[in-house]
Amino acid sequence: MKLRLISIGKRSAGPFEAATALYAKRLKHYLSLELVELPASRKREPGVAMREEGERILAALGKARLVALDAEGQSHDSVAFARRLEAWRREGRDVILVIGGDEGLSPEVKAAADELLALGPMTLPHRLAKVVLLEQLYRAATILKGEPYHK
């Protein structure tokens, strides 16, 4: 299984970029990971920007399982998320996780998703959500390997 994380927005220097790089590096020991950053829309109207970004996301998809991060999605504790990761591996398809931009994900992306995943009920800045997701993927991988990181 190859895991691709698609996010909207530009790379930023500072703590988010450093944390993203740290967890991406750690994860490469456990699974094939590709980080894809698509540019944010330059449109000022939120609905127009969301649709434009949604079109970019949908254009970047292949035949992989699409998991969209959304506050209305299913949330898991770390052990349950590890089981979810293992289920994706057993399925044999590549997995694309997608994080929307400032306005969230378009209804078209949510409708195309095989599942919606929530990091929790609070709204997070998309750069922070990316770090949290990468950390939880790393934690899940260590749980599956029986390693002590998650304790």
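Note that this is a predicted model, so its numbers are computed, not measured.

> Can you help me understand the confidence of the model for the protein in this one?
When pLDDT is low, close inspection of the predicted coordinates is not appropriate. Averaged over the protein, the pLDDT score is 90; the fraction of residues at 70 or greater is 97%. Taken element by element, the protein is modelled with least confidence in helix α2 (residues 46-59), mean pLDDT 82, and with most confidence in strand β5 (residues 115-117), mean pLDDT 97.

> Which parts of the structure should I look at to understand the nonpolar core?
Across soluble globular proteins, you tend to see nonpolar side chains buried next to one another. If you look at the biggest cluster of nonpolar residues, it comprises 26 residues, and the most contacted ones within it are Leu 97, Leu 133 and Leu 137. Breaking this core down by element, the ones donating at least two residues are β1 (2-8), α1 (15-27), β3 (65-74), α3 (78-91), β4 (95-99) and α5 (126-145). Excluding residues within four positions of it along the chain, Leu 97 makes contact with Leu 3, Arg 4, Leu 5, Ile 6, Val 67, Leu 69, Trp 88, Leu 117, Leu 133 and Leu 137. Within the second largest apolar cluster, 13 residues are counted, among which are Ile 8, Leu 66, Ile 96 and Val 109.

> So what exactly am I meant to see when it comes to α2 here?
Residues that lie three or four places apart on an α-helix share one face, since the helix turns once every 3.6 residues. For α2, which comprises 14 residues, the first-to-last C-alpha distance of 20 Å matches the rise-based estimate of 20 Å (1.5 Å per residue) to within 8%. For α2, the secondary structure elements touched by its buried residues are β1, β2 (32-38), β4 and α4 (107-112).

> Quick question: what am I supposed to make of the sheet that holds β4 here?
Within a sheet, each strand pairs with its neighbour through backbone hydrogen bonds, oriented either parallel or antiparallel. Taken in spatial order, the five strands of this open sheet run β2-β1-β4-β3-β5, and their pairing is parallel. The two strands at the open ends of the sheet, each matched to only one other strand, are β2 and β5. Put simply, the sheet's adjacent strands are angled 30° from each other on average, direction ignored. Here β3 pairs with β5 via four bridges, running parallel. In the strand pairing of β5, Ala 68 is matched with Leu 116. Its contacts with the sheet put α2 on β1, β2 and β4, and the angle it makes with β1 is roughly 160°.

Rules used in this analysis
- Residues numbered from 1 in each chain as written.
- Predicted model: local features only at pLDDT ≥ 70, side-chain atom pairs only at ≥ 80, totals over all residues.
- Heavy atoms only, no water.
- pLDDT = per-residue confidence, 0-100.
- Helix = DSSP H or I, 4+ residues; strand = E, 2+ residues; numbered from the N terminus.
- Core = buried A, V, L, I, M, F, W, Y, C linked by side-chain atoms within 4.5 Å.
- Buried < 20%, exposed > 50% of the residue type's maximum accessible area, 1.4 Å probe, protein only.
- Contact = heavy atoms within 4.5 Å.
- Expected span 1.5 Å × (residues − 1).
- Pairing = 2+ DSSP bridges.
- Axes fitted to C-alpha atoms, helices over the stretch in contact; angles between N-to-C directions.

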